[in-house]
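So the chains spell out like this:
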Amino acid sequence: MKIQTKIAIQFSLIVGSLLAVFSFVIYQLFAEFREQEYYDRLKSKAITTAQLLIKVDEIDRDLLKIIDKNTLTALVDEKVLVFDQQNKLFYSSLDDHVIHYGNDLLNRVRKHKYVETSDEENEVVGLLYELNGQNYIILASAYDKFGHSKMANLRDILYSGLVIGILITVLLGIFFAGNALGPVNQFISQISTITANNLRERLDERHGKDEIGQLAAAFNKMMYRLEQSFELQKSFVSHASHELRTPLAALKSEVEISLDEKLSVAQHRGILENIQKDINRLIALSNSLLQIVRPLKSSINSAAEVRIDDVVFQAQDDLLLSKPEYRISVEYAKEPENEKHITVLGDEPLLKTVFTNLISNACKYSANHQAIVIINFNETHTLVSVQDEGIGIPAEDLTAIFEPFYRSKNALTISGFGVGLSVCKRIVELHKGKIHVESQLQHGSKFLVELPHIS
Ligand code: ADP
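Note that this is a predicted model, so its numbers are computed, not measured.

1. Details of the overall build of the protein chain
- Secondary structure assignment for the protein chain yields nine helices and twelve strands.
- Over its C-alpha trace the protein chain gives a radius of gyration of 52 Å, far above what one expects of a compact globule, namely 23 Å for 455 residues.
- When the backbone C-alpha atoms are referred to their principal axes, the protein chain occupies close to 160 × 60 × 40 Å.
- The 455 residues of the protein chain split such that 37% are buried.
- At a minimum sequence separation of 6, the contacts of the protein chain that also span at least 24 residues come to 65%.
- Carbon and sulfur atoms make up 57% of the accessible area of the protein chain, which totals about 27500 Å².

Below, the structure is given as structure tokens:
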């Protein structure tokens, strides 16, 4: 069921029930008021009759009947009965109407002095009237024709009011729910047209600060993030395939040449060596790609206390093993008296990747293949700088080099894929740290990593 219909039904049910309760209460109150008013009139009629009959000795009972019948205020189906001390009927007004009475009604009147009751459709009032030491019981009964017709009228008005009220409520409910949810329907049709090709589409945020506006703003933010990551993935795939194509094309032509039987053993050997280089390049590339696509979780699962100097020494050892020509020196800026100052909470293999990449770059991009690593700390952070005296980075590239696959022009002659620094940045940020770079072309670069320590 559509929300619009649901809201309209709920709204109508609530207002309809309120109207019904309201009508019922009005009808009940009016019924009670009519009844009470009629009992009062019967009571005064009974008292008047009794006074005339008992107090005025001379009055003729037949004359009283005529007076009773013709009184201007005569009530419909009126009947008055008067009983003496022995419950004997002493006077009865008109004969065309009957009051059903019995000894218990008379006894009740004697006991309570005044009783209101009803007999079929008629209201009956019984009262004890005392005169000259004698107790008379007067029963007066009549049918409240006007009151009942007013009640029927009121009932009709309330019924039709209720039906019309519910109808209006249903229409208003449909109208207001439609009005309130109109923008949502608009969103639905807009959203259903969004595909991978038009991720730039945005919802209308004109509704300002209301819930619909907030929904549109949140959706737009999500679309922005999706667009960004989609763009990143697209550029990743195109870069990756480009990087893969070059060594593969080289491999293909090398294999084709080596299939030529006229080549000498030495020539075959030379081709095989080239093939080996290309294969090594492919392995390095796939390692880099693995680094970047390896899902870096939004929080570190295997967080442990890691001594940063240990990690730096491990990175140094690993690098020297594969590239013995590199020269890497590691120094402390000041003696860490408290080891907590150089201990961070984090993932050791990921942190090692950071320093391996930075030290390897420093050696790779400098003619002397030398990197100087300095470990330092302040009140809150462990600081590691990796310096070189290499080719340096153009000032306009200092931010871009942290983007995946970005490489400065001056670095293109040196092998690389532009992946390492973006991975370093993601890992450092995952550890709530920061990475900065300072550089001067032809003079060298200095990368600084700040990681919050545990103390
Ligand atoms: P790669 O070194 O494989 O190209 P990185 O992501 O590690 O990828 O580095 C990105 C770019 O940043 C490099 O291509 C290079 O232009 C620049 N760069 C990084 N480190 C240095 C450095 N120590 N000296 C000079 N340029 C650097």
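2. So, the pattern of salt bridges
- Within the structure shown, the criterion is met by eleven salt bridges.
- We note a salt bridge from Arg200 to Glu227, for which the minimum N-O separation is 3.6 Å. Residue Arg200 is located in the loop between α4 (145–191) and α5 (211–258), and its partner Glu227 is located in helix α5; the two are separated by 27 residues in the primary sequence.
- Classification of Arg200 as exposed rests on a relative accessible area of 65%.
- Take Glu227: its relative accessible area is 10%, and that puts it in the buried class.
- The partner of Arg202 in a salt bridge is Glu227, and the shortest N-O contact between them spans 2.7 Å.

3. Details of the sheet that holds strand β9 (residues 370–377)
- Read across the sheet, five strands follow the order β7-β9-β10-β12-β11 without closing on themselves; strand pairing throughout is mixed. On the outer flanks of this sheet lie β7 (327–332) and β11 (434–440), each paired with one strand and no other. Neighbouring strand axes in the sheet, compared pairwise and without regard to direction, differ in orientation by 15° on average.
- In the sheet, β9 pairs with strand β10 (residues 381–387) via six bridges, with the strands oriented antiparallel. What sits directly across from Ile372, in β10, is Gln387.

4. Quick word on the nonpolar core
- Phe355, Leu358 and Ile359 are the most contacted members of the largest nonpolar core, which totals 46 residues.
- Of all the elements, helix α8 (residues 348–364) adds the most residues to this core, at eight residues.
- Apart from residues no more than four positions distant in its own chain, Ile359 is found in contact with Ala315, Leu319, Ile328, Ala371, Val373 and Val386.
- In this structure, Tyr91, Leu127, Tyr129 and Tyr136 belong to the second largest nonpolar core, which totals 19 residues.

5. So, the packing of α8 against helix α9 (residues 420–430)
- Contact pair α8 / α9: the axes reach a minimum separation of 9 Å and the direction vectors enclose 145°. As α8 runs across α9, the sense of the crossing is left-handed. Seen from α8, the contacting residues are Leu350, Leu351, Thr353, Val354, Asn357, Leu358 and Asn361; seen from α9, they are Gly420, Leu421, Val423, Cys424, Ile427, Val428 and Leu430.
- Grouping the constituent residues of the contact of α8 with α9 by class yields ten nonpolar, four polar and no charged.

6. Concerning the sheet that holds strand β3 (residues 114–119)
- A sheet is described by the order of its strands in space; here five strands give the open sequence β2-β1-β5-β4-β3, paired in antiparallel fashion. The sheet terminates laterally at β2 (89–92) and β3, the two strands that pair on one side only. Within this sheet the neighbouring strands show an average axis-to-axis angle of 20°, counted without direction.

7. Quick notes on the site of the ligand
- Taken together, 21 residues form the shell around the ligand, and within it Asn361, Tyr365, Arg407, Phe417 and Leu421 come nearest.
- The contact in question runs from an oxygen atom of the ligand to an N or O atom on the side chain of Tyr365, over 2.6 Å.
- For the shell around the ligand, the secondary structure elements donating two or more residues are α8, α9 and β12 (444–452).
- The element best represented in the shell around the ligand is α8, accounting for three residues.

8. Topic: the pairing of strand β5 (residues 134–143)
- Most of β5 sits inside the fold, with eight of its ten residues counted as buried.
- As paired strands, strand β1 (residues 76–83) and β5 are joined by six bridges and run antiparallel to one another. Among the inter-strand pairings, Val80 is bridged to a residue of β5, identified as Ala140.
- One ladder, built from nine bridges, connects strand β4 (residues 122–131) with β5; its direction is antiparallel.

9. Considerations on the environment of Leu350
- Note on placement: Leu350 falls in helix α8.
- On the basis of relative accessible area, Leu350 is assigned to the buried category, the value being 11%.
- Separated by 240 residues in sequence, Leu350 and Arg110 have C-alpha atoms that sit 103 Å apart.

10. Concerning the packing of aromatic side chains
- One pass over the full model with this rule turns up three aromatic pairs.
- Judged by centre distance (5.3 Å) and plane angle (65°), the ring pair of Phe175 and Phe176 falls under edge-to-face.
- Judged by relative accessible area, which is 47%, Phe175 ranks as partly exposed.
- Their ring planes at 75° and their centres at 6.4 Å tell us that Phe402 and Phe447 sit as a pair that is edge-to-face. Of this pair, Phe402 sits in the loop between β10 and α9 while Phe447 is found in strand β12, placing the two residues 45 residues apart along the sequence. The same class applies to Phe402 as to Phe447, namely buried.
- Over the ring of Tyr114 we find Lys43, and its NZ or CZ is 4.6 Å from the ring centre.
- Positioned above the aromatic ring of Phe377 is the side chain of Lys334, whose terminal nitrogen or guanidinium carbon lies 4.7 Å from the ring centre.

Conventions used here
Residues numbered from 1 in each chain as written. Predicted model: local features only at pLDDT ≥ 70, side-chain atom pairs only at ≥ 80, totals over all residues. Heavy atoms only, no water. Helix = DSSP H or I, 4+ residues; strand = E, 2+ residues; numbered from the N terminus. Rg over C-alpha atoms; globule rule 2.2 N^0.38 Å. Buried < 20%, exposed > 50% of the residue type's maximum accessible area, 1.4 Å probe, protein only. Contact = heavy atoms within 4.5 Å. Areas by Shrake-Rupley, 256 points an atom, 1.4 Å probe, with all protein chains shown as cover. Salt bridge = Lys/Arg side-chain N within 4 Å of Asp/Glu carboxyl O. Pairing = 2+ DSSP bridges. Axes fitted to C-alpha atoms, helices over the stretch in contact; angles between N-to-C directions. Core = buried A, V, L, I, M, F, W, Y, C linked by side-chain atoms within 4.5 Å. Left-handed = near helix turned anticlockwise from the far one by under 90°. Nonpolar A, V, L, I, M, F, W, Y, C, P; charged D, E, K, R; others polar. Near = heavy atom within 4 Å. Polar contact = N/O pair within 3.5 Å; in protein donor to acceptor, adjacent residues only side chain to side chain. Phe/Tyr/Trp six-rings, centres within 6.5 Å; stacked < 30°, edge-to-face > 60°. Lys NZ or Arg CZ within 6 Å of the ring centre and 35° of its normal.

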